[in-house]
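The primary structure of each chain is shown beneath.
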Amino acid sequence: MKLIEFAVKRSIAIAMLFLGIVLFGAVSFPNLKMDLFPQITMPYAMVITNYAGAGPAEVEGLVTKPLESALTTVSNVKGHQSVSSQGTSTIFLEFESDTDMDYATLNMREKIDMVKAYLPEDADDSMVMQMDMESMPSVILAAYGGRDLQELKEVIEETVLPRLERIDGVGKAELGGGYDRVIEIVANPSALSAYGLTNSSIVQAIAMDNRNYSGGTAEDAGKERAIRVMGEYNSLNDLANLPLNTAGGGVVRLADVATINDVLEKQDVICRINGVDGVAISITKESGANIVNVSQAIAKEIKKLEKDLPQGFEIKTVYDGAKYILLLVESLLNNLFVGALLALLVLYFFLRDIRLTLIVGLAIPISLISAGVLLFLNNMTLNVMTLGGLALGVGMLVDNSIVILESIARHRTEADGHIADGKLLAQVTAISGGTESAMAITASTITTIVIFLPIVFSDGLASMFFTDFAWVITFTLVASLFVSLTLVPMISSKISEFDTPVSRWTIIEKAKDKFASAYQWFLNKYNKILNWALSHRKKTVIGTALALVLSFAAIPLIGAELMPASDEGMLTLSVELPDGYSVEQTSEACFKIEDIVARQSEDLDTVLSFVGNGSSNMATILIVAKPLDDRKRDIWQIADSMRGELESIPGVDVVISDTAVSSMMGGLSDISYVIKGDNLDELQKIGDDLKSIMESVPDTYEVTSSADSSKQELQLLVNRQKAQQYGLGVYQISQAVRAAFEGTVASKFREGGQEYDIKVMMPENLSQTTADLQSITVTGPTGVSVPLSAVAEIKVADGAVSVSRENGSRMITVSCQVLGSDLKGVAEQIQTKMDTELFLPDGYLIEQGGSLEEMLDVFSDLTLALLLAILLIYMVLAALYESFIDPFVVMFTLPPAIIGVLLFLAIFNKTLNISSFIGIIMLAGIVVNNGI
């Protein structure tokens, strides 16, 4: 090849080229961004629309359905789901994997604008959000200490959050927990009635009085100046002296008909850190920012903040996403270094010459540096996949150089007697030996590269995660091919003799002799086995085929899962109490859970509890374990030791999940089934039957149904005829009820640079029971007040917490977790019982979901990728050999490789997962490579 001849004759140019690559790599590698996963644009979007006061059924009919009809016309929508809950409609859309999500979200907003006129007038504007993996918190901090939670929260809001959000790369910092100051206006019902006033009239008066107004402009000293009427309250006395116009034409002060209280509002979310009340700070990085740099900058800022905070305040880092990434990077880099070292050691014993070993060994660092340069130029990050590709590629980097060097050495031996000039001999044999093997190593490299083409250009989860992996392997192999075709012949041409030098260390010579003897013994044995195989061809083929068939007996022993388990040192407890429980009651239940968790303290570092997270009867507890070296148990053993006690707490459902790599893919249950139909009662009945079936199957736990969540509600049936006699409508009645039981925020009170709600409400002892609801008075436009019981009937009814839909059909989800890793085996047992014990009425169907569905989809995609890879390998070999038959000599080495795969997975109790499947695809290229 002319490239080899050029490399040998232009050695300085080649040396300068590789020196430039190394220098560029030295600059590129430190500037590579680090992340846990590749920068993936997930093909998902979410639309959230608030419709305050509406129940799930009303939200579904008035908001969700019109929006679904519009959004399904957006291009490339693959499917959609919706959840209609109290006052909120949430719609999830899945797009085709190659969709431009920026354009898709823009298109979604246009479609929503088209149906906006058909939505309820008091529904809020819809929020359209693109869902991606970078929206998850990068760092979670906990703050505690000080005199009280209000002071703590104010200090965090005024001092900590602004400084954190100014850090380069930080997207937003959100606060959870703590108390809020509120100015309560507690109305006196008797006084209101006496003066003909209502809560609504107080709200309206405050809203109009506590404002600054524009008064136009005026001429002053030849200049035009704006006129402002300053009406905002400077003190609570201004609020107390607010004049109210009575029904009789008089005026009373607000303080005459209501009590003004400066209090702390009841907590909607309670946050505890290791049992101590506090607040949590969730920090999300900007899209594309380097999480490691952001994390380090946050840590530096916290150290500065600790000096500026009042005495007694503490800030603790609960979760740091960069910490796991750095541990992973360190582990992979260590593996890469050790792998390269072992490869060089093995090479040395085979080549028995340190010079030749170093020539081949140069392929490793230069190929890796070249791959790093390509990563930098393609704006790719150092993550699980790219580092894994570099580590796995180390073993293949020296193959091409070994073949070239062996060919050069053989040519030198053959030509030694014909060319006396040592320098000329080195040049001639470097060119002839390299050229002879160039086609073979090019072919073997191409066959290894083409196995990744189907993954790079396919759709789905496997393509999203392994595209970077495939590119890195490709980069390193192309770099190693270039090194073997240029640098190896060039350096070989500078070595006049290939005689094996004698080491000065006797121990090394003895080790080399021992290795040579062992290798010769192996060659003799192999020679005998090979001769026997060639003499007994039928027995060899039949024996291999039989071994292949028998290896399939190991399949039942091999579990299957989506992603291999990874101990990140974190657990999440999702806690749910029956509907109707208050935040305080949920907090009491969480104290019991925290006591159980505290018994594992020898292995734990931090326990962070969020009570009221999403609903008053729900909580989330984040458990952070000590570093792996400082604890005796892994995260799953800790979970198992708590599970029995947690399940024994009456009336409390606790779901334990680890925050491993797989949870980054949606936090899916191991196995779930979606039941679709029209009637919610029938769906719930089918769901209960399926739940019983899943609970009866061994190795299932935490079986849940979305239909289990239901609540009782008080429904007010308005008698429209009676209401109209008093000039009342449903809206006025609903506002009166809401003002009495929930209160109404009339305005804001500003003090010391902070804003506090001014909330008008009824006395607490008159807004708690059903009797209080009946006694609420509603004032009509004529000024006549009537009790609510005169115009409405109160009825207790069961209602769904939410109504879920998928692709237009109502649905419920029944799901479970699986002990062990054999998802497929457990799912088959469930399916067998469903076929015999579960009856589905006409119009109802069950679809599979959860991690199992994702696993089957991924395995299907990877199987297709493997078959296409094998086809591409055959096409490459057929083109190189110019024969349709000869490639099968190499291709027949593929089936026996399955024997080792199945046996080793079974023996070492490993699962078939997305990573091991990629290993099988890689193995296909390696086996063919060896065959070539």
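Reference entry: report on the structure contained in this document. Numbering of residues begins from 1 in every chain and follows the order in which that chain's sequence is written. Where totals are concerned, whole chains, interfaces and linings use all residues; where local detail is concerned, this predicted model gives features only for residues with pLDDT of at least 70, and gives and counts side-chain atom pairs only at 80 or more. Values reported for side chains reflect all heavy atoms of the structure, with hydrogen atoms and water molecules removed beforehand.

This part is about the pairing of strand 28 (residues 802–806). Relative accessibility thresholds used throughout: buried, under 20% of the residue-type maximum; exposed, over 50%; partly exposed, between the two (1.4 Å probe, protein chains only). Helical segments are the DSSP runs of H or I of at least four residues, strand segments are the runs of E of at least two, and each set is numbered from the N terminus. The buried fraction of strand 28 is high, at four of five residues. When DSSP finds at least two bridges between two strands, those strands are taken to pair. Examined bridge by bridge, strand 2 (residues 77–85) and strand 28 share five bridges and lie antiparallel to one another. Residue pairing for strand 28: serine 82 is matched across the bridge by arginine 805. As paired strands, strand 28 and strand 29 (residues 809–818) are joined by three bridges and run antiparallel to one another.

Attention now moves to the packing of aromatic side chains. Ring pairs shown here join Phe, Tyr and Trp side chains whose ring centres sit within 6.5 Å, with only the six-membered ring taken for Trp; geometry is labelled stacked below 30 degrees between planes, edge-to-face above 60, and tilted in between. Under the criterion given, the structure shown has 10 aromatic pairs. For the ring pair phenylalanine 18 and phenylalanine 482, a centre distance of 5.6 Å and an interplane angle of 40 degrees mean the geometry is tilted. Taken together, the residues phenylalanine 18 in helix 2 (residues 11–28) and phenylalanine 482 in helix 18 (residues 461–492) connect sequence positions 464 residues apart. Owing to a relative accessible area of 30%, phenylalanine 482 belongs among the partly exposed residues under this scheme. Between tryptophan 471 and phenylalanine 475, the ring centres sit 6.1 Å apart and the planes meet at 25 degrees, which makes this aromatic pair stacked. With tryptophan 471 and phenylalanine 475 both in helix 18 and four residues apart, this pair spans about one turn of that helix. A relative accessible area of 11% means that phenylalanine 475 is categorised as buried. Aromatic rings pair up to connect Phe515, Tyr519, Phe522 and Tyr526 into one cluster.

Non-glycine residue aspartate 699 carries a positive phi angle of around 75 degrees. At asparagine 807, a residue that is not glycine, the phi angle is positive and equals roughly 50 degrees. Mapping asparagine 807 onto the fold places it in the loop between strand 28 and strand 29.

This brings us to the sheet that holds strand 23 (residues 744–751). Read from one edge to the other, the open sheet built from four strands follows the order 12-7-24-23, with strand pairing classed as mixed. Looking at the sheet topology across the chains shown, the edges are occupied by strand 12 (258–264) and strand 23. Averaged over neighbouring strand pairs, the angle between their axes works out to 25 degrees when direction is ignored. The pairing of strand 23 with strand 24 (residues 754–761) spans seven bridges and is antiparallel. Of the residues in strand 24, the one forming a bridge with serine 747 is isoleucine 758. Whether two residues are in contact is decided by their heavy atoms: any pair within 4.5 Å suffices. For helices, the fitted line uses only the C-alpha atoms of the stretch in contact; every axis is such a line through C-alpha atoms, and the angle between N-to-C directions lies from 0 to 180 degrees. In the packing of helix 7 (residues 199–209) onto the sheet, contacts are made with strand 7 (181–187), strand 23 and strand 24, and the angle to strand 24 comes to roughly 155 degrees.

Right, let's talk about helix 27 (residues 823–837) for a bit. Taking 1.5 Å per residue as the helical rise, helix 27 with its 15 residues ought to reach 21 Å, and the 21 Å between its terminal C-alpha atoms agrees with that figure. Burial in helix 27 covers these residues: Leu823, Gly825, Val826, Ala827, Ile830 and Met834. Packing partners of the buried residues in helix 27 comprise strand 20 (671–677), helix 23 (680–696), strand 21 (700–705), strand 29, strand 30 (845–849) and helix 28 (850–881). Given a helix with a known number of residues, its expected span is that number minus one, times 1.5 Å.

Between side chains of opposite charge, a pair can form as their charged atoms come close. Whenever Lys or Arg places a side-chain nitrogen within 4 Å of a carboxyl oxygen from Asp or Glu, that contact is recorded as a salt bridge. A full pass over the atoms with the stated rule returns 24 salt bridges. Between aspartate 256 and arginine 253 there is a salt bridge whose closest N-O contact spans 3.6 Å. Using a relative accessible area of 42% as the deciding quantity, one classes aspartate 256 as partly exposed. Residue classification places arginine 253 among the partly exposed residues on the basis of a relative accessible area of 37%. Put simply, Glu60, Glu68, Arg805 and Arg810 are held in one network by salt bridges that share partners.

Take helix 23 next. In a regular helix each residue adds 1.5 Å, so 17 residues correspond to 24 Å; helix 23 covers 24 Å between its end C-alpha atoms and thus fits that length. Along helix 23, the positions that sit buried rather than exposed are Leu683, Ile686, Gly687, Leu690, Lys691, Ile693 and Met694. One face of helix 23 carries all of its buried residues, which in axial projection span an arc of 160 degrees. Those residues of helix 23 that are buried are in contact with strand 20, strand 21, strand 29 and helix 27. Within 3.5 Å is the distance limit for a polar contact, defined as a pair of N or O atoms, with the added protein rule that one can donate a hydrogen and the other accept it, and that residues adjacent in sequence qualify only through two side-chain atoms. One side-chain oxygen at the N-terminal end of helix 23 lies 2.9 Å from the backbone nitrogen of aspartate 681; it belongs to asparagine 679. Note: the arc covers the axis-to-C-beta directions of the helix.

Turning next to the packing of helix 28 against helix 31 (residues 914–931). Across the interface, helix 28 lies against helix 31 with an axial gap of 10 Å and an inter-helix angle of 10 degrees. Here helix 28 lies roughly parallel to helix 31, going by the angle between them. Judged by residue contacts, Val858, Phe859, Leu862, Thr863, Ala865, Leu866, Ile873 and Leu877 of helix 28 engage Ile914, Phe917, Ile918, Ile920, Ile921, Ala924 and Val928 from helix 31. For the contact of helix 28 with helix 31, the class distribution of residues is 14 nonpolar, one polar and no charged. For classification purposes, angles smaller than 35 degrees are called roughly parallel, those larger than 145 roughly antiparallel, those between 65 and 115 roughly perpendicular, and all remaining angles oblique. The residue classification treats Ala, Val, Leu, Ile, Met, Phe, Trp, Tyr, Cys and Pro as nonpolar and Asp, Glu, Lys and Arg as charged. All others, Gly included, are polar.

Time to look at the packing of helix 27 against helix 28. A pair of packed helices is captured by two measures, namely the crossing angle of their axes and the spacing between those axes. In the contact formed by helix 27 and helix 28, the axes pass within 11 Å of each other and the chain directions differ by 115 degrees. Judged by the inter-axis angle, helix 27 sits roughly perpendicular to helix 28. Relative to helix 28, the crossing made by helix 27 is left-handed. Counting all contacts with helix 27, which are made through Leu823, Lys824 and Ala827, the residues of helix 28 involved are Ser851, Leu852 and Met855. Each helix crossing is assigned a hand: it is left-handed if the near helix lies turned anticlockwise from the far helix by less than a right angle, otherwise right-handed if that turn is clockwise.

Counting buried positions along strand 1 (residues 44–50) yields five of seven residues, so the element is predominantly enclosed. Sheet topology note: the strand 1/strand 3 (residues 88–95) ladder contains seven bridges and is antiparallel. Bridging across to strand 3, isoleucine 48 finds its partner in threonine 90. Note that strand 1 and strand 4 (residues 127–131) share five bridges and pair antiparallel. Bridge pairing links methionine 46 to methionine 129 in strand 4.

So, about the side chain of histidine 411. With respect to the secondary-structure elements, histidine 411 resides in helix 15 (residues 399–415). Given a relative accessible area of 16%, histidine 411 falls into the buried group. A distance of 3.2 Å separates a polar atom in the side chain of histidine 411 from a polar atom in the side chain of glutamate 436.

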